[in-house]
Structures are given as C-alpha cells and as structure tokens.
Amino acid sequence: MLDAILNFEILRNTFYTGLIVGLLAPLLGTFIVVRRLSLIADGLSHVTLAGISFGLFMQKKYTLLALTPFHTGIIFSIIGAIVIENLRGVYKAFQEIAIPITLSIGVGLSVVFIAMADGINTDIYAYLFGSVAAVSRSDLYLVLFTAVFVIVVITFLYKELFALSFDEEFATVSGIRAKIIHYLFIIMTALVIAASIRIVGVLLVSALMTLPVATAMRIAKSFKQTIVYSIIFGEVAVIIGLITGYYLEIPPGGTIVITSAILLGLTLLIKKWYLAYIYKG
Amino acid sequence: MANLITVNGVTHRYDKHKVLEDVSFTIEKGSFVGLVGPNGSGKTTIIKLILGLEKLQKGSIEAFGKPIEKFHNKGHVSFVSQKANSFSRGFPATAKEVVSMGLTSKVSLLRPTTKKYEYLIFEALDRVNMMEYANHNIGDLSGGQQQRIFIARAIVNNPSLLILDEPTVGVDTENVEQFYQLLSQLNEELGITLILVSHDIGTITTHVTDLLCLNKSVHYHGNPSDFEHMTDEQRSKIYGHDMHTITHDH
C-alpha cells in the first residue's frame, strides 16, 4: 500500500484524513463517553447522511457543483448539533430523547432525498461504509481545518470541558459559561463526525468515537491518560483498518471497527489475566 | 465590608408551590453559619439563589456588595454539593485532576505556569490530608475521602466564601466528626466564611458560630448556644412543627 500511497493522490488523501480522524474522533469521544452521550455520534451521523443525500440529490438534479455532498453533510451535521443541544434544554428530565428524535429525522430525510435522487448508488454506499478512495484534496483541506479548530479549542478550554463533563453544577458555580461551551463542543463533534464519515462511513462513525475510549478506560489511571490511550488505539485501528481494507477490497469502515473491537477484546482479556496474576501473587 | 451576603425579602415559588417566603438574613465575614431546616424547607433553594443557579423572583440578594444579577464569580464563592457523592463512579480521573477543576476560573488566555498550579493543588490536598491519594482514581476512594477531595477542589482557588450543601450525606458517622473539624480549621485558620446546609441540627451546633433555622421563612438566626439552651417547645415554635434534635454521643 505504501507504493500506492506514494503514487496515488486520492489514497494519500485518504490516509492523511484517516490519521487526522484517528486522532480527533477518540479525542472528542473521551469527553462524549464520560458525559454519557455516546449515542450523540449516531444521532449526528444520521443527520449528516441526510445532508449528504441532499447534496447528492442537488448534484444530480441541478448539477449544483459549488457545494459537494461532503459540504452539505457538514452543514446538516452542524444544524443537527444545534437542534440536539436545544432539545436537551427543552426536555431537561429526558435529555437522551433528543438523540432518537434527531436520528429518526435524519434517517427520514435521507430516505426521501435518496429516493428523489433515484435510489442508492455507489456514492451513497461509500458514505455508508467508508471508502479508501473517496477523499479529494479539497476534502482533505477541510478536514485539516477541522483538526486545527478542534485542537485549538480543546487546548484552550481543556479545563472547562473537563470540569463540565465531571460536574456541571460545580463548573457553573465556578463561573464557567456552560452554555457557550456546550454549543462549541457539540459543533466540534458535528465537524469531526462529518470528517470521519469519509473514512468509516455513517453507520460506523460512532464506533470510532467510543470503542477506543472504552478500551482506554480499562487501563488508564487518569483522564489525560484516557485521552492519550484512546488516540493511540484510534490511530492503530485506522492504520491497520485502512491497509487491510485496501488489500482485501473491503470498505475501511468495517475493517477499522473490527480492529477496534479486537483491540478492546484483547485489552479486556489482558487486564483480566493481569488482575488474576496480581491477586495470586 | 462586614457582610459577604445580604438576603432581603426573598420569596420563591416553584410553579404554585411557595418554597421561600420573605427570607432576610446576612452572612458576616469570617462566620461559620449552620443553615438548618427540615426537608423541603427551602435550604437548597436559597443556596441556589445565592450561587446564581436559580433566578431570583422576588426580593434581593447582594454578594460581596453587588446585586446577585451583576455578580460574576471569579473564585470568591465556592461550593461543595450534595450531589458530589453521586458523580459517575467510573469517571476516569485522579484525585489530583478533580482538584484541578477548582482552578478553572483562574484560567484565561494568560495561564500561570503548570508548576504554580501543581503547587496550589498539592497545598489543597495537604490541607484535607489527602496528599497520599493524589494519583488514586476518584471512584476508588471511600465516600468520606471523596468528600475531602471535593473540599480540596472547592478551596484550591482560595475562596472567601464556601457553601456546603449537606456534605455529610454518604459519609459514615465516624468520619463526620473529623469532617466538621476540618471545616472549623478552614474557618479559623484560613478565614474562609462557611455556610453549611444540614438537616442534622444536633452535631453542627457544636461547630458553627451562627445558626440559621429556615422553614420557608427564617425562624431563628443567632448564637447556637442560645438555641441549645431553649426548651424543646420553644425550639419547635421557632423551627417548625416537625423538629427533632439529633444528639450524638461520642
């Protein structure tokens, strides 16, 4: 694959995007998991699918070239994020209901737009399961921009995000502007989901945000360690997944998630053996 | 400025249900106030109003000489909640990381160095006698130890006023006395003004300097020893019909 990466720009773009997404998804995923919002990624990815289908439909019917399906996906994802955050405010006692509401609206809209664009085609298949050959140079730039934005925000607001995730009441009393930070956080999540969809696809994007974190949480001692280990597991899964996906001609979404699941299984087993060894010793 | 908090004529309702009626009191600098009352007496509501977690409906509250609506907390007021005990136990954070959350209001674009932070965090951990647990996972500690960590988080920013809402819920009786001693130390040695919310009137009267009995309205505000010398009948009148004094023999 190395040869191919060096020779074909589109593979190179995919590989770089994969590396970026392998860092961003677990990074945000750590905050999402500890806030017990794991399903938010699923909700948003389906809204993104609605945006992508809308983009495909517009491309087909009106040859609207200025906006690609990737762009409309990002726009829908951000709108979905804002809707989820508002719904969480409306249903204070049942905050999780915001997720199925947006998820079903996302799927509903996707079905309508896909039908209007004359059904499923290979494009939509790549969006559902990921693809090793789908990232254009402009997509890569957009993903890079997302990465810079997310990393800058998390660096400057790390303590605030951490405090809000742990204990919202204390954080609010300490003078943290919870509302603005919540919005900023969910918009970052929307951007990272839209970026990840190119690699792992709509159906598996939440796995890349949660599986590496679930693995890291079993062995990390601190929150910072959890983030670092999540990113390592995320990157390993993306690299192995992309290479095997390329050689076996399987969409990388599948291979990346299976690799993540294997890493999780191994970690659980090793931890179990280790604990048994400690107790014996 | 002798009064840190001035509450004046505060009335508050949740829907049609009145929880506070014409409540007025002041919190003096350097005092250790025990805010007591039966369940549903409005203790938590008045605390939430002071902390700005709930919107004022009627009356006024001044914090540090400013109307509460205009008061922006920059570390003057800190808080240990009842719920501190019910955070998600699996949260992957060390005691040290939890304490570091108390420093958020100091964080801005111009951050002090990490070393200075570390120093403040260890100083707070030392103050609550939890230094050796700095790198332990918060979920692995006992209820009493966790509550000490939450105190450390609340004092790491050197607040002038510390409000504790039923902090001993989930702490076993043996540790409760030690816990109150720690609070007295914070009050006497660091000069932190304390408001301790409790429904356990018996134990706290021996530690606090002021007792404030609330049951929708203020029923008593003054010296705890005067309160102790009253007959049960007198106290019941002040406190409300369902008062029980809990005595603890150690």
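Definitions and cut-offs
Residues numbered from 1 in each chain as written. Chains lettered and ligands numbered in written order. Predicted model: local features only at pLDDT ≥ 70, side-chain atom pairs only at ≥ 80, totals over all residues. Heavy atoms only, no water. Helix = DSSP H or I, 4+ residues; strand = E, 2+ residues; numbered from the N terminus. Buried < 20%, exposed > 50% of the residue type's maximum accessible area, 1.4 Å probe, protein only. Contact = heavy atoms within 4.5 Å. Areas by Shrake-Rupley, 256 points an atom, 1.4 Å probe, with all protein chains shown as cover. pLDDT = per-residue confidence, 0-100. Pairing = 2+ DSSP bridges. Axes fitted to C-alpha atoms, helices over the stretch in contact; angles between N-to-C directions. Domains from an automatic or database assignment. Buried area = accessible area lost by both parts, 1.4 Å probe. Salt bridge = Lys/Arg side-chain N within 4 Å of Asp/Glu carboxyl O. Polar contact = N/O pair within 3.5 Å; in protein donor to acceptor, adjacent residues only side chain to side chain. Nonpolar A, V, L, I, M, F, W, Y, C, P; charged D, E, K, R; others polar. Phe/Tyr/Trp six-rings, centres within 6.5 Å; stacked < 30°, edge-to-face > 60°. Lys NZ or Arg CZ within 6 Å of the ring centre and 35° of its normal.

### With respect to the overall build of chain B
Looking only at helices and strands, chain B features eight helices and ten strands. The burial tally for chain B puts 52% of its 250 residues in the buried class. Considering only contacts in chain B between residues 6 or more positions apart, those separated by 24 or more positions represent 68%. With the model as given, the accessible surface of chain B reaches about 11,800 Å², and the carbon-plus-sulfur share is 46%.

### Section: the confidence of the model for chain A
Note that predicted coordinates carrying low pLDDT should not be read in detail. Across chain A, pLDDT averages 89, with 97% of residues at or above 70. Predicted confidence in chain A is weakest over helix 1 (residues 2-7) of chain A, with a mean pLDDT of 68, and strongest over helix 11 (residues 223-248) of chain A, with 95.

### A few points about the pairing of strand 6 (residues 77-80) of chain B
All names here are of chain B. Residues Val-77 and Phe-79 of strand 6 are buried on one face, and the alternating residues Ser-78 and Val-80, pointing to the opposite face, are buried as well. Across four bridges, strand 6 lies against strand 7 (residues 161-165) in parallel orientation. In the sheet register, Val-80 faces strand 7, and the bridge partner there is Leu-164.

### Focus on the side chain of His-12 of chain B
All names here are of chain B. Topologically, His-12 is positioned in strand 1 (residues 3-14). What makes His-12 buried here is its relative accessible area of 1%. Not counting residues within four places of it along the chain, the set of residues in contact with His-12 comprises His-17, Lys-18, Val-19, Leu-20, Thr-45, Leu-49, Glu-54, Lys-55 and Gln-57.

### Concerning the side chain of Thr-193 of chain B
All names here are of chain B. Looking at the element boundaries, Thr-193 is found in strand 8 (residues 193-198). Overall, Thr-193 belongs to the buried group, its relative accessible area being 1%. Aside from chain neighbours lying at most four places away, what touches Thr-193 is Leu-4, Ile-27, Glu-28, Lys-29, Gly-30, Ser-31, Ser-160, Leu-161, Leu-162 and Asn-187.

### Some words on the sheet that holds strand 6 of chain B
Residues and elements named next belong to chain B. Taken in spatial order, the six strands make up an open sheet running 6-7-8-3-9-10, and their pairing is mixed. Here the strands that pair on one side only, and so sit at the sheet edges, are strand 6 and strand 10 (217-222). Strand-to-strand twist across the sheet, computed as the mean angle between neighbouring axes with direction ignored, equals 15°. Contacting strand 6 and strand 7, helix 4 (residues 143-155) runs over the sheet at an angle of about 170° to strand 6.

### Section: the domain arrangement of chain B
Residues and elements named next belong to chain B. Here chain B is partitioned into domain 1 (1-76 + 160-250) and domain 2 (81-158). Contacts between the two partners involve 20 residues from domain 1, matched on the other side by 15 residues from domain 2. Both sides together, the interface formed by domain 1 and domain 2 hides about 1,400 Å², and carbon and sulfur atoms give 59% of it. Our count for the domain 1 to domain 2 interface comes out at one salt bridge. For the pair domain 1 and domain 2, the interface holds two residue pairs in polar contact (both at pLDDT 80 or more). The biggest single contributor to the side of domain 1 that touches domain 2 is helix 5 (residues 173-189), with six residues. Across the side of domain 1 that touches domain 2, the residue classes break down as eleven nonpolar, five polar and four charged.

### Here we look at the packing of aromatic side chains
Scanning the model with the defined rule gives 17 aromatic pairs over all chains in all. Where Phe-31 of chain A meets Tyr-158 of chain A, the ring centres are 6.4 Å apart and the plane angle is 75°; that geometry is what we call edge-to-face. Here Phe-31 of chain A, found in helix 2 (residues 9-34), pairs with Tyr-158 of chain A, found in helix 7 (residues 137-166); they are 127 residues apart in sequence, far enough to count as distant. The residues Phe-31 of chain A and Tyr-158 of chain A share a single accessibility class, namely buried. An aromatic cluster of three or more residues is present, and its members are Phe-31, Tyr-158, Phe-162, Phe-166, Phe-185 and Phe-223 of chain A together with Phe-91 and Phe-150 of chain B. Taking the ring centre of Tyr-117 of chain B as reference, the NZ or CZ of Lys-159 of chain A above it sits at 4.1 Å.

### Some words on unusual backbone geometry
All names here are of chain B. Phi is positive for Asp-22, close to 45°, though the residue is something other than glycine. If you trace the backbone, Asp-22 turns up in strand 2 (residues 17-28). Non-glycine residue Glu-166 carries a positive phi angle of around 45°. Looking at the element boundaries, Glu-166 is found in the loop between strand 7 and helix 5. For Glu-166, a relative accessible area of 6% translates into the label buried.

### Re the sheet that holds strand 4 (residues 58-63) of chain B
Residues and elements named next belong to chain B. The strand order across the open sheet formed by four strands is 2-1-4-5, and the pairing between neighbours is antiparallel. Unpaired on one side and paired on the other, strand 2 and strand 5 (66-67) mark the two borders of the sheet. The sheet contacts of helix 1 (residues 43-51) involve strand 1, strand 2 and strand 4, and relative to strand 1 the element is tilted by about 120°.

### Observations concerning the environment of Val-213 of chain A
Residue and element names in this part refer to chain A. Within the secondary structure, Val-213 is located in helix 10 (residues 205-219). It is 25 Å that separates the C-alpha atoms of Val-213 and Leu-142, two residues lying 71 residues apart in sequence. Apart from residues lying up to four places away in sequence, Val-213 is in contact with Pro-26, Gly-29, Thr-30, Val-33 and Ser-230.

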